[in-house]
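# Examining the three-dimensional arrangement
Below are the chains, spelled out letter by letter.
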Amino acid sequence: QVQLVESGGGLVQPGGSLRLSCAASGFTFSSYAMRWYRQAPGKERELVATITRLGGNMNYADSVKGRFTISRDNAKNMVYLQMNGLTPEDTAVYYCNVYYGEWYWGQGTQVTVSS
């Protein structure tokens, strides 16, 4: 069965950096685009970044463009989100996501940006 397990969240000061990781299993990882979403308290879930199956193309939400970088390692079945220049507005639970016949989500990892 498909499993997505996020890690790497935590508490960071404004201006800081975090690197999120997502370990995927249960499907042929290199055949599918991967996404990172986030959901802040009281807000709808927001698409943050997408990476194509071989990593040749990435797309970002305007709110994170130039600060976040999505990447993947198909040999390790991993997808990453490098987050730099974090602001309190980036505080949210971050989820990785794949469409494999249906949408699959991980359990999420909390990112809190606060001084």
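Refer to the preceding data block for the structure.
First, a word on what this report is: a plain description of the structure on this page. (Residues numbered from 1 in each chain as written. Predicted model: local features only at pLDDT ≥ 70, side-chain atom pairs only at ≥ 80, totals over all residues. Heavy atoms only, no water.)

### Section: the state of the cysteines
- Within this structure, the stated rule accounts for 1 disulfide.
- For C22, the disulfide goes to C96, at an S-S distance of 1.9 Å. On the sign convention where negative means left-handed, the S-S torsion of about 45° between C22 and C96 marks this disulfide as right-handed. Of this pair, C22 sits in strand β3 (residues 18–25) while C96 sits in strand β9 (residues 92–99); the two residues are 74 residues apart in sequence, bridging distant segments of the chain.
- C22 sits in the buried class, given a relative accessible area of 0%.
- Relative accessible area serves as the criterion here: at 0%, C96 is assigned to the buried category. (Disulfide = S-S within 2.5 Å. Helix = DSSP H or I, 4+ residues; strand = E, 2+ residues; numbered from the N terminus. Buried < 20%, exposed > 50% of the residue type's maximum accessible area, 1.4 Å probe, protein only.)

### Considering the sheet that holds strand β7 (residues 68–73)
- Pairing within the open sheet is antiparallel, and its 4 strands lie in the order β1-β3-β8-β7. The open sheet has two edge strands with one neighbour each: β1 (3–7) and β7. The mean angle between the axes of side-by-side strands here comes to 15°, regardless of whether they run parallel or antiparallel.
- Sheet topology places β1 next to β3; 5 bridges connect them, and they run antiparallel. When the bridges of β3 are listed, Q3 appears paired with S25. (Pairing = 2+ DSSP bridges. Axes fitted to C-alpha atoms, helices over the stretch in contact; angles between N-to-C directions.)

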